[in-house]
Amino acid sequence: MADEGPQCGKPDFVLLDQVTMEDFMENLKLRFKKDHIYTYIGEVLVSVNPYQELPLYGPEAIARYQGRELYERPPHLYAVANAAYRAMKLRSRDTCIVISGESGAGKTEASKHIMQYIAAVTNPSQKAEVERVKDVLLKSTCVLEAFGNARTNRNHNSSRFGKYMDINFDFKGDPVGGHIHSYLLEKSRVLKQHVGERNFHAFYQVLWGCDDKELQELHLQRNPALYNLTRQGAGLSASDSDERSHHQAVTEAMRVIGFSPEEVGSVYRILAAILHLGNMEFVETEAGGLEQGHLAVAEEVLVNHVAELTATPRKLLLRSLLARTVASGGRELIEKGHSAAEASYARDACAKAVYQRLFEWVVDRINGVMEARGRDPRRHGKDTVIGVLDIYGFEVFPVNSFEQFCINYCNEKLQQLFIQLILKQEQEEYEREGIAWQSVEYFNNATIVDLVERPHRGILAVLDDACSAAGTITDRIFLQTLDTHHRHHPHYASRQLCPTDKTMQFGRDFRIKHYAGDVTYSVEGFIDKNRDSLFQDFKRLLYNSTDPTLRAMWPDGQQDITEVTKRPLTAGTLFKNSMVALVENLASKEPFYVRCIKPNEDKVAAKLDEGHCRHQVVYLGLLENVRVRRAGFASRQPYSRFLLRYKMTCEYTWPNHLLGSDKAAVSALLEQHGLQGDVAFGHSKLFIRSPQSLVTLEQSRARLIPIIVLLLQKAWRGTLARWHCRQLRAIYTIMRWFRRHKVCAHLAELQRRFQAARQPPLYGRDLIWPLPPAVLQPFQDTCRALFCRWRAWQLVKNIPPSDMAQIKAKVAAMGVLQELRPDWGCHRAWTQDYLSSGSACLLRPPTIPQPRTCLLSD
Ligand code: ADP
Ligand code: MG
């Protein structure tokens with residue numbers, strides 16, 4: 001918190017003088033005004049969307065937070081990302097970062113900053129495989145936003161699906177893979193959008209971004225107003241060039257991730273097919289080229305386009321559009337023609353389903369790339385995981401339907417998790433550890449979750465019952481059943497139950513008092529959206545497409561209508577199951593929370609609408625959070641873990657203590673630091689009240705670390721030097737013995753040759769001296785000289801003294817003549833037996849002496 005003066009407000013709401021809504025809002029406003037958009041509540045980060053680019057991000061900022069403790073720097077998303085990363089790396093804990101807040105509060109932006117931080121601090125050794133995984137992780141956001149985000153009235157880049165991304169790390173803390181779970185794409189948006197809203201970005205990007213040739217191939221024109229599905233949002237694009245650059249970015253991102261050009265082509269063809277499908281109208285006619293029974297497609301050419309783009313036979317496509325196959329009795333199949341309304345319904349269901357499958361296929365494809373090569377099967381141990389949850393925020397529209405119901409239910413579940421983990425668990429832990437504690441009251445939304453998901457009577461169960469009743473139950477009857485079941489529920493209301501409440505329409509609306517506010521839902525379309533059925537004919541048709549990408553999206557199309565007996569799970573049940581699994585998954589991890597606040601509804605910078613923010617502070621339970629945190633403790637850790645981290649700061653505990661128990665050792669340590677007044681001793685854990693105490697401990701630890709590092713370095717260097725010395729000694733010993741062996745071997749060889757060659761009459765004249773090792777060269781020279789003298793003596797000693805004078809004269813003559821008469825024959829080879837070969841020898845020309853090396857006579 002070094003960079004923050006008192007003029008910027010309190011960096012942690014826990015430090016407020018009084019915990020009241022006024023003080024909370026005052027601090028929030030002050031900090032927002034000074035562009036400090038982040039504030040802590042203990043370890044929970046509160047973030048206010050600035051709606052402007054602030055100089056808070058980038059490599060320099062990342063470097064400031066890297067490896068630091070949460071409280072060492074001003075509050076920031078990077079600090080939370082770093083805390084999650086450190087918990088994962090140092091303690092091998094699976095962690096998750098749950099980002100919540102209403103639509104437009106900045107959740108997706110926050111998740112992107114977290115990903116950027118993780119990407120920046122990992123893989124210092126630049127391993128190619130890890131770089132690839134990081135690239136895919138970062139680029140996947142861009143692709144998913146194109147297909148899953150849309151402009152809404154609350155947010156111009158609103159995520160219309162929930163996203164939970166797991167990043168797997170190896171033991172070194174480098175990302176080696178990942179997995180994206182997507183939740184309930186709002187596919188009804190493909191067909192219909194509210195006024196001022198748009199369809200998914202991908203449609204506009206194709207229309208504005210593809211070049212003329214590509215558009216021609218897709219049979220499209222560069223005008224969203226020409227297509228029913230994009231007409232509503234046609235005038236709402238930021239600018240053509242923006243759409244174009246987004247289109248290029250998405251295409252490039254798909255390439256980097258590993259989509260093949262054929263796959264990218266298929267994706268654009270499918271989008272185009274959906275646009276054409278949206279324009280298709282049906283007319284009831286007596287006769288006509290495209291008729292099936294008495295129904296026909298108004299514009300024939302659209303059928304051709306869709307058939308071409310989906311690579312399906314035109315005839316089969318037409319049949320699927322105009323009729324459906326039904327199994328009557330046993331296995332007999334009959335074709336039943338649609339009415340115009342039925343055909344339109346089937347067409348719409350088809351367009352929605354194709355888009356949904358496309359989206360799911362994109363997610364699966366990204367997952368395939370991240371998982372397939374991300375894991376090294378030879379690696380031991382388990383991966384640790386950081387999960388990042390960016391899921392749709394609480395939503396209230398003028399008319400709320402099944403999607404909003406699911407989204408808000410999801411938020412209830414997450415709030416429940418927050419209560420479990422942050423409020424309830426914390427208080428329970430104090431009780432368990434025997435810490436004196438005064439309970440803090442908070443609103444527990446378990447009853448609302450129960451209203452939705454309770455077996456048999458919950459809203460989802462009643463809806464499922466309505467769906468399974470084969471078309472006899474209408475939305476209105478469903479509403480009546482809800483009324484009967486929940487007439488006394490404090491969080492449920494409808495016009496029938498409160499006839500005076502004019503804000504709800506009779507027979508259409510019901511209201512749930514959510515933790516975040518009241519939402520009135522219109523039951524119209526609930527049953528239909530929950531049943532989410534698509535005729536098997538379409539599935540079969542698309543499964544039989546010759547485009548392998550499209551075919552891969554419809555594996556269930558291979559079933560025959562007679563085989564499809566089991567009723568598929570409804571959309572609501574699937575969503576509920578995925579939420580239960582998600583919450584279980586999150587609860588098993590160490591959670592970090594980012595609570596996002598939207599400052600105003602106008603999406604403008606530097607404007608904080610107090611009423612709006614106050615409402616969010618209330619429903620996010622932030623004030624209760626502060627109270628629990630304040631009455632509670634900033635940190636708690638088992639004694640052993642505390643000692644492991646801080647034992648070097650006290651002479652009694654370093655390197656090991658002799659105080660009987662860890663608790664006593666911790667007590668001695670804290671006494672030395674004068675912190676005993678700020679802690680409470682639980683049965684197995686130490687509770688530290690204020691973050692400042694932690695900072696004090698951290699600082700004194702940081703002061704000692706360099707000394708300990710030096711000590712370790714010293715010991716290690718000593719060990720290395722000793723190893724080196726031992727190696728050298730071994731080398732010298734080996735060398736000594738080897739030399740000795742060489743000398744002995746040489747002498748033995750010399751002796752052997754000498755013994756063999758020294759016999760008379762030659763006295764070793766032809767002795768070949770072995771090549772000596774370098775060390776024996778002088779010895780060998782001396783030896784040779786001695787040998788020459790000995791041999792000379794052996795020859796000379798038998799000459800009578802009378803001949804000596806003549807011999808000396810001959811030797812003198814030899815010395816004199818050698819220079820003048822090189823051919824006098826002195827160097828001729830000695831052929832020994834001259835008498836026996838006398839005559840032959842006379843006839844033969846004199847042999848030319850061959851040079852001989854190492855001969856004593858030479
Ligand atoms: P949510 O996912 O909660 O619906 P987004 O993350 O999409 O909201 O944010 C909505 C808009 O708010 C973004 O498009 C961006 O313009 C702006 N915004 C959000 N967070 C920031 C931030 N930290 N800095 C600058 N602008 C932001
Ligand atoms: Mg979002």
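Let me sum up the structure you'll find in this document.

Rules of the game
- Residues numbered from 1 in each chain as written.
- Chains lettered and ligands numbered in written order.
- Predicted model: local features only at pLDDT ≥ 70, side-chain atom pairs only at ≥ 80, totals over all residues.
- Heavy atoms only, no water.
- Salt bridge = Lys/Arg side-chain N within 4 Å of Asp/Glu carboxyl O.
- Helix = DSSP H or I, 4+ residues; strand = E, 2+ residues; numbered from the N terminus.
- Buried < 20%, exposed > 50% of the residue type's maximum accessible area, 1.4 Å probe, protein only.
- Near = heavy atom within 4 Å.
- Polar contact = N/O pair within 3.5 Å; in protein donor to acceptor, adjacent residues only side chain to side chain.
- Areas by Shrake-Rupley, 256 points an atom, 1.4 Å probe, with all protein chains shown as cover.
- Donors = N, O, S within 2.8 Å, 3.2 Å for Na, K, Ca; no water.
- Contact = heavy atoms within 4.5 Å.
- Pairing = 2+ DSSP bridges.
- Axes fitted to C-alpha atoms, helices over the stretch in contact; angles between N-to-C directions.
- Patch = residues over 30% accessible without salt bridge, like charges linked within 9 Å, V, L, I, M, F, W, Y side chains within 5 Å.

Comments concerning the pattern of salt bridges
Then step 1. A complete count under the given rule lists 42 salt bridges for this structure.
Then step 2. Of the charged contacts in the structure, one is a salt bridge between Arg319 and Glu335, with a shortest N-O distance of 3.8 Å. Separated by 16 residues along the polypeptide, Arg319 in helix α12 (residues 314–322) and Glu335 in strand β11 (residues 332–337) bring together distant segments of the chain.
Then step 3. You can call Glu335 partly exposed: its relative accessible area is 43%.
Then step 4. Here Glu429 makes a salt bridge to Arg636, at a shortest N to O gap of 3.6 Å. In this pair, Glu429 sits in helix α14 (residues 402–433) while Arg636 sits in strand β17 (residues 635–638), placing the two residues 207 residues apart along the sequence.
Then step 5. Judged by relative accessible area, which is 9%, Glu429 ranks as buried.

Description of the site of ligand 1
Then step 1. The local shell around ligand 1 holds 16 residues, among which Asn49, Gly104, Lys107, Thr108 and Asn155 are the closest.
Then step 2. Asn49 is positioned with one of its side-chain polar atoms (N or O) 2.8 Å from an oxygen atom of ligand 1.
Then step 3. Asn157 places a polar main-chain atom, nitrogen or oxygen, 3.5 Å from an oxygen atom of ligand 1.
Then step 4. Considering ligand 1 on its own, with 560 Å² of exposed area, one finds that the protein chains cover 86% of that surface.

Comments concerning the coordination of the magnesium ion (ligand 2)
Then step 1. Coordination of the magnesium ion (ligand 2) by the protein is provided by Thr108 (OG1) and Ser159 (OG), with metal-donor distances spanning 2.0 to 2.2 Å. With a gap of 51 residues between them, Thr108 in helix α4 (residues 107–121) and Ser159 in strand β5 (residues 158–159) connect regions that are remote in the sequence.

Thoughts on the environment of Leu226
Then step 1. With respect to the helices, strands and loops of the structure, Leu226 is situated in the loop between α7 (212–217) and α8 (228–231).
Then step 2. Residues Leu226 and Asn279, spaced 53 residues apart in sequence, show a C-alpha to C-alpha distance of 8.6 Å.
Then step 3. For Leu226, the contacting residues outside a window of four places in its chain are Gln221, Arg231 and Asn279.

Things to note about the sheet that holds strand β14 (residues 509–514)
Then step 1. One open sheet accounts for 3 strands, arranged β13-β14-β15; its pairing is antiparallel. Only two strands of the sheet have a single neighbouring strand rather than two, namely β13 (492–494) and β15 (517–522). Between one strand axis and the next, the sheet turns by 25° as a mean value, whatever way the strands run.
Then step 2. Note: β14 against β15, 6 bridges, orientation antiparallel. Across the sheet, the residue bridging to Arg511 is Thr520, located in β15.
Then step 3. Helix-sheet contacts for helix α17 (residues 475–486) involve β13 and β14, and the interaxial angle to β13 is about 135°.

Side note on a nonpolar patch on the surface
Then step 1. Taken together, the side chains of Leu728, Ile731, Tyr732 and Met735 make up a nonpolar region of the molecular surface, amounting to roughly 370 Å² of accessible area.
Then step 2. Look at Met735 and you get partly exposed, because its relative accessible area is 35%.

Regarding the environment of Asp483
Then step 1. Relative to the elements of secondary structure, Asp483 occurs in helix α17.
Then step 2. By relative accessible area, which is 5% here, Asp483 ends up buried.
Then step 3. In this structure, the C-alpha to C-alpha distance between Asp483 and Arg495, residues 12 residues apart in sequence, is 9.6 Å.
Then step 4. Once residues within four sequence positions are removed from consideration, Asp483 is found in contact with Tyr492, Ser494, Gln496 and Leu497.
Then step 5. Looking at Asp483, its side chain comes within polar contact range of the side chain of Ser494, at 2.9 Å.

None of this, on its own, says anything about what the molecule does.
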